[in-house]
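Structural features, examined
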Amino acid sequence: DYVESYNGHTGRALFGVFLKEPQLHIGNITFSRIDWERAFAIVGITLGRKELTGRGLAKEAMVGIGENAFEHLRLHRLQAHVAEKNLRAVRVFEECGFKVEGNLRDGEFMGGKFQEVYIFHHV
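Notes on the structure follow. (Residues numbered from 1 in each chain as written. Predicted model: local features only at pLDDT ≥ 70, side-chain atom pairs only at ≥ 80, totals over all residues. Heavy atoms only, no water.)

This part is about the sheet that holds strand β6 (residues 113–122). On the basis of which strands lie adjacent, the open sheet formed by six strands has the order β1-β2-β3-β4-β6-β5 and mixed pairing. With partners counted over all chains shown, the strands left at the sheet margins are β1 (13–19) and β5 (99–110), one partner each. Averaged over all pairs of adjacent strands, the angle between strand axes in this sheet comes to 25 degrees, irrespective of strand direction. Across six bridges, the pairing between strand β4 (residues 77–83) and β6 is antiparallel. What sits directly across from His 81, in β6, is Ile 119. Across the face of the sheet, helix α2 (residues 87–95) comes into contact with β3 (40–47), β4 and β6 while running at roughly 160 degrees to β4. (Pairing = 2+ DSSP bridges. Helix = DSSP H or I, 4+ residues; strand = E, 2+ residues; numbered from the N terminus. Axes fitted to C-alpha atoms, helices over the stretch in contact; angles between N-to-C directions. Contact = heavy atoms within 4.5 Å.)

Printed below as a string of C-alpha cells:
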C-alpha cells in the first residue's frame, strides 16, 4: 500500500535502496514533495537493516539520488528535515554536502517529547 500510494503522483517520488550483492532491499529514499515550478524537492532516507549500519550505504544512496535530481530531473535545490536527535541522519546529510539552513523549534514529536528539527538544503 505504501509503494502504491506513490504511483501516479507527479508531486512526490519513492526510490528503493538495494544492495547490489546480494540483491536485497534495504530502505527507501523519498521525495515527499516535488515542486517542479520552483525546481526543488524535500528528500528523506530510511534504511532498515541495523546490521548494515556504518558502511556508508546511506551516503552512497543520497549522493546517487542527488546527482540524479540535479542532472536528470533538473532540480535546483534539495531540502531535508531532520530531528536533532537523529545523529546518523544529520551526519549523512552533512557528509553529502547539505548545510543547515535553519531549525523548527518543537518541530517533531518523538520519544514522548517535542524535538528541534534541522532544515538542511543542498544546491
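Quick look at α2 now. Three- or four-residue spacings in an α-helix give side chains the same orientation, since the helix completes a turn every 3.6 residues. Taken together, the buried positions of α2 are Ala 89, Val 90, Val 92 and Phe 93. Relative to the axis of α2, the buried residues are bounded by an arc of 165 degrees and lie together on one face. Exposed residues pointing more than 90 degrees away from the buried face of α2 are listed as Leu 87 and Arg 88. At the exit of α2 stands Gly 97, carrying a positive phi of roughly 95 degrees. (Buried < 20%, exposed > 50% of the residue type's maximum accessible area, 1.4 Å probe, protein only. Arc of directions from axis to C-beta.)

Let us look at the packing of aromatic side chains. Evaluation of the coordinates by the stated rule reveals six aromatic pairs. Judged by centre distance (4.9 Å) and plane angle (80 degrees), the rings of Phe 93 and Phe 98 are edge-to-face. Ring plane angle 80 degrees and centroid distance 6.4 Å describe the contact between Tyr 118 and Phe 120, whose orientation is recorded as edge-to-face. Among the aromatic residues, ring-to-ring pairing joins Phe 93, Phe 98, Tyr 118 and Phe 120 into one connected group. (Phe/Tyr/Trp six-rings, centres within 6.5 Å; stacked < 30°, edge-to-face > 60°.)

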